[in-house]
Amino acid sequence: MSQAELTAVPVSRAARRALWSLGILRSELATTFRRWRTLSLLGVLAAVPVLIGIAVRIETGDGARGGPGGGGGPAFLSQVTDNGLFLVFAALSATLPVFLPMAVGVIAGDSVAGEASGGTLRYLLVAPAGRTRLLLAKYTSVLVFCLVATLVVAASALAAGALLFPVGDVTTISGTRIGFGEGLVRAGLIAVVVAVSLTGFAALGLFVSTLTDSGIAAMAATVGVLITVQILDAMPQLDAVHPYLFPHYWLSFTDLLRDPVYGDEVARNLGLQALYAAVFGSAAWARFTTKDITV
């Protein structure tokens, strides 16, 4: 056998494994985004910025400045009437603490447990890709949902803001003005940072999903963890542990609207999410690769 023939065998096997992995990922993405539950969650997320914009428009119809309640509500709400682009930042501020992570918790919690309760997990494990690649594909599909969900909120807010309010140059938190084009770039960057902020919680939800064969129980437990941690993060008596809680730096994306950009807390947020993703991703792998699949 020639040298070319000797080297062709392992390359061919590696290519087949890669094709299996891509095939499983495509299947996971198709399954995730074709479900009515996923489409309903995205629809609700798209509606939130529109409702916020309409509420601000009605409240300020007499020419008053600021959002409902005399400037209360999410950050940036008082600037929306002057520049519709701020509706993107206000909508992300409003959805990130609750709506976005709850949607991610539903998708992540159902990722493994839902297949187990539906009786399809055993058939997925027959594929040559193996458990590790299957788990990676499921986590990747959850991360794609994080990005899509965040972009849906941002795009809906941008469209509603442009229709309901004037748009133009952006006044940063520092008081300086930047062009509308640069404001759009920063809005896109903020949307990506928000999506990445959910990766640690997504890994936690994936781990919870490997602990049970009930999709409903996994989703409820994941959302329950989210609510519990949010309560702990709001208690001043526990300020010593706040920096270690995954949602603590979620709203640090506001620092990207400073001039110059202040990135210290954004970096802490990304580092904390990476730590949670590594810890709970490893725990999910350890559980899933040794789990008995009985249904």
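What comes next concerns the included structure. Counting from 1, residues in each chain are numbered in the order their sequence is written. For this predicted model, a pLDDT threshold of at least 70 governs which residues receive local features, and a threshold of 80 or more governs which side-chain atom pairs are given and counted, while totals over whole chains, interfaces and linings are taken from all residues. With hydrogens and water stripped out, all remaining heavy atoms of the structure feed into the side-chain values.

1. Some thoughts on the overall build of the protein
A run of DSSP states H or I qualifies as a helix once it reaches four residues; a run of E qualifies as a strand once it reaches two. Both are numbered from the N-terminal end. Helices and strands together make up the secondary structure of the protein, namely ten helices and two strands. Sequence-ordered secondary structure for the protein, helices as α and strands as β, is α-α-α-α-α-α-β-β-α-α-α-α. Burial classes: relative accessible area under 20% of the type maximum marks a residue as buried, over 50% as exposed, and values in between as partly exposed (1.4 Å probe, protein chains only). Within the protein, the proportion of its 295 residues that are buried is 41%. Accessible surface computed for the protein: about 13900 Å², of which carbon and sulfur atoms make up 67%. The method behind every accessible area is Shrake-Rupley, applied with a 1.4 Å probe, and residues are considered shielded solely by the protein chains displayed.

2. Overview of helix 2 (residues 36–59)
Every helix has an expected span of 1.5 Å times one less than the residues it contains. The end-to-end C-alpha distance of helix 2, which contains 24 residues, comes to 34 Å, matching closely the 34 Å that a straight helix rising 1.5 Å per residue would cover. Considered for burial, the residues of helix 2 that qualify are Thr38, Leu42, Leu45, Val48, Pro49, Ile52, Gly53 and Val56.

3. A word on the packing of helix 6 (residues 130–164) against helix 8 (residues 199–209)
The axes used here are C-alpha line fits, helices contributing only the stretch in contact, and every angle between their N-to-C directions lies in the interval 0 to 180 degrees. Relative orientation of the contacting elements helix 6 and helix 8 amounts to 140 degrees, with a least axis distance of 10 Å. As the angle between them shows, helix 6 and helix 8 are arranged oblique. The element helix 6 and its partner helix 8 pack so that their crossing is right-handed. Judged by residue contacts, Leu135, Lys138, Tyr139, Val142, Leu143 and Cys146 of helix 6 engage Thr199, Ala202, Ala203 and Leu206 from helix 8. Note on angle classes: values under 35 degrees are labelled roughly parallel, values over 145 roughly antiparallel, values of 65 to 115 roughly perpendicular, and the remainder oblique. Crossing handedness follows the turn of the near helix against the far one: under a right angle anticlockwise gives a left-handed crossing, and clockwise gives a right-handed one. In what follows, residue pairs with any heavy atoms lying within 4.5 Å of each other are defined as contacts.

4. Brief notes about the side chain of aspartate 233
As for its placement among the helices and strands, aspartate 233 is situated in helix 9 (residues 215–233). In this view, aspartate 233 contacts His242, Leu245, Pro247 and His248; residues no more than four positions away in its chain are not counted.

5. Brief notes about the pattern of salt bridges
Basic side-chain nitrogens of Lys or Arg form a salt bridge, by our definition, when they fall within 4 Å of a carboxyl oxygen of Asp or Glu. Applying the stated criterion across every chain, the model contains six salt bridges. As a salt-bridge pair, glutamate 182 and arginine 186 come within 3.0 Å of each other at their nearest N and O atoms. Of the two residues, glutamate 182 and arginine 186 are both situated in helix 7 (residues 180–197); the distance of four residues between them amounts to about one turn of the helix. Under the relative-accessibility criterion, glutamate 182 is labelled partly exposed at 38%.

6. Here we look at a nonpolar patch on the surface
Taken together, the side chains of Leu147, Leu151, Val192, Val196 and Leu270 make up a nonpolar region of the molecular surface, amounting to roughly 350 Å² of accessible area. Of all elements in the fold, only helix 6 and helix 7 reach the threshold of two or more residues within the nonpolar patch. Tracing the backbone through its elements, the reader meets leucine 151 in helix 6. For leucine 151, a relative accessible area of 42% corresponds to the partly exposed category. Nonpolar side chains (Val, Leu, Ile, Met, Phe, Trp, Tyr) within 5 Å and like charges within 9 Å form the patches, drawn only from residues with over 30% relative accessible area and no salt bridge.

7. A word on the nonpolar core
Grouped burial of nonpolar side chains is what soluble globular proteins tend to show. Within this scheme, the nonpolar core is defined by two criteria: the residues are buried Ala, Val, Leu, Ile, Met, Phe, Trp, Tyr or Cys, and they are joined through side-chain atoms within 4.5 Å. The biggest cluster of nonpolar side chains holds 66 residues, and the ones touching the most others in it are Val80, Val88, Phe89, Val104, Ile190, Phe246 and Phe253. Breaking this core down by element, the ones donating at least two residues are helix 2, helix 3 (86–95), helix 4 (99–118), helix 6, helix 7, helix 8, helix 9 and helix 10 (264–290). When residues of this core are assigned to their parent elements, the largest contribution, twelve residues, is made by helix 6. Setting aside residues up to four positions removed in sequence, isoleucine 190 forms contacts with Phe89, Leu92, Phe253, Leu256 and Leu257.

8. Focus: the packing of aromatic side chains
For Phe, Tyr and Trp, rings pair up if their centres lie within 6.5 Å, where Trp contributes its six-membered ring, and each pair is then called stacked (planes under 30 degrees apart), edge-to-face (over 60) or tilted (otherwise). Applying the stated criterion across every chain yields a total of seven aromatic pairs. Geometrically, the ring pair formed by phenylalanine 246 and tryptophan 250 is tilted, given 5.7 Å between the ring centres and 55 degrees between the ring planes. With respect to burial, phenylalanine 246 and tryptophan 250 carry one shared label: buried. Each member of the aromatic cluster is reached from another via a ring pair, and the members are Phe201, Phe207, Phe246, Trp250, Tyr276 and Phe280.

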